[in-house]
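Structural overview
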Amino acid sequence: MYRQSSEELLSFLQKSPSVFHAISNIKEELASHGYEELLEGKKWNIVPGGKYFVNRNQSSIIAVNVGTDLEEYSFHVAASHSDCPTFRVKENAEIEVKGKYTQLNTEGYGGMLCATWFDKPLSVAGRVMVKEGNKIVTKLLNIDRDLLLIPNVAIHMNRAVNDGYKYNKQVDLLPLIGGAGYKKGEFKKLIAKELGVDEDAVYGSDLYLYNRMAPAIWGANEEFISSQHLDDLQCGFAALKGFLKGNNAKNINVYACFDNEEVGSSTKQGACSTFLYDVLHRVNSALGKTEEDYYRAIASSFMLSADNAHAVHPNHPELTDVTNCVYMNEGVVVKMHAEQKYTSDAVSIAVFRELCDRAEIPVQFFANRSDAAGGSTLGNISATKVSMSAVDIGLPQLAMHSSYETAGLRDTYYMIKVMETFFGTHISEEESGVLGIDACM
């Protein structure tokens, strides 16, 4: 069961070289389970027992599974993010170097580990806007071959590199695409050829680099997995699987996967946007519920904000907290922070521990060292738009924000199980300070 879950995850990651491919694959999975797509610009017809999803910008998605017993309903939300640190290809991309090389002009997206991008096969994936008659149509692009490489400078020319080096993204990290025979304009020709369209029909693009190294299961006992995009598509994938399996008649279950977490979430499709509020409010209205009903439901609602966590590094255990540190293959992680970078508190942690007990999976706890600043995630950001009880959770991994990250073989299964349990459970506020947690229905 552990290996199968990880093999399915790695297959999903292999098919998701960009955020747009990831969301497209999630849409396909939802549709295969009977979910109907809703468009934000059209009228919504929602019924009890219905299953729907909404896509914004082709890079964020929210799915809802409406219960059939909505007398005292609440929203059960699992939120993750679809993006990862990478390099975006600029519009006028080709740079000629002395008539002998051509590079692509790129810019950094998110806080990546720069050194992990050197000396490995790369390619380009994303979306392209194509004119078809009077319409502009989105087409996904994945140039599925080894196309680019960012070469390191030889140590003979940079003797101090191993003593610490500050990478300049405009100088050190531009990928090489061609040699002396490369002609300017070939990149656009290549895009058009891959899509089977005329060059003049290409009107715009959002294209990103990705690491071509295949995902792997490895280790003496095959206990580790490595791939691009584990942060945060490992949680996004596991939450989706649990969402599709779990069901409770008293819930409106919600699966959300937001874009742009790695750059602050302040976009129309990020967790700081109105996307979650818009969907929940419109579903509530389409069901014939009142504004009062909506706010009562929100008061009893609960979110699992799922984003990966830092495992203890074998070479640097001193970088993690002494007592609140986590390890791969030892369970789902609860993340805590006194200054509220994470949403977890005593109430939400207690609820989550109960869910883990019911799912029969291990749970562990993470906090940053008190003298070190950590990262943040989307739970507290989304709470500024839709305020509900929430706990920040994740799966332990190494090399977060590398172009090739590492996690535990068992942990994807653990996250799927607790997500399934969460979506099959009804949580309600019975009185001040008292929560009811009902079994699957």
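**Side note on the side chain of N251**
By the element assignment, N251 lies in strand β13 (residues 251-258). Side-chain polar atoms of N251 contact the backbone oxygen of T425, separated by 2.9 Å. A distance of 2.8 Å separates polar atoms of two side chains, one belonging to N251 and the other to H426. With near-sequence residues (within four places) excluded, N251 lies in contact with N65, V66, G67, L70, S74, H76, F422, F423, T425 and H426.

**Quick look at the nonpolar core**
Of all hydrophobic cores here, the largest spans 53 residues; its most connected members are L30, F352, I393 and M415. Element by element, the count of residues in this core is highest for helix α4 (residues 230-245), at nine residues. Residues in contact with F352, not counting those within four places in the same chain, are L304, V332, V334, V363, V391, I393 and V418. Judged by nonpolar contacts, the second largest core, of 33 residues, contains V64, F275, I298 and M388.

**Points about the sheet that holds strand β12 (residues 224-227)**
With respect to topology, five strands assemble into an open sheet ordered β11-β12-β20-β19-β15, the strand pairing being mixed. Looking along the sheet, the strands with just one partner apiece sit at the ends: β11 (216-218) and β15 (309-310). By the bridge criterion, three bridges tie β11 to β12 in an arrangement that is antiparallel. Considered in β12, the bridge of W218 is made with F224.

Conventions adopted
Residues numbered from 1 in each chain as written. Predicted model: local features only at pLDDT ≥ 70, side-chain atom pairs only at ≥ 80, totals over all residues. Heavy atoms only, no water. Helix = DSSP H or I, 4+ residues; strand = E, 2+ residues; numbered from the N terminus. Polar contact = N/O pair within 3.5 Å; in protein donor to acceptor, adjacent residues only side chain to side chain. Contact = heavy atoms within 4.5 Å. Core = buried A, V, L, I, M, F, W, Y, C linked by side-chain atoms within 4.5 Å. Buried < 20%, exposed > 50% of the residue type's maximum accessible area, 1.4 Å probe, protein only. Pairing = 2+ DSSP bridges.

Shape descriptors only; they carry no functional weight alone.
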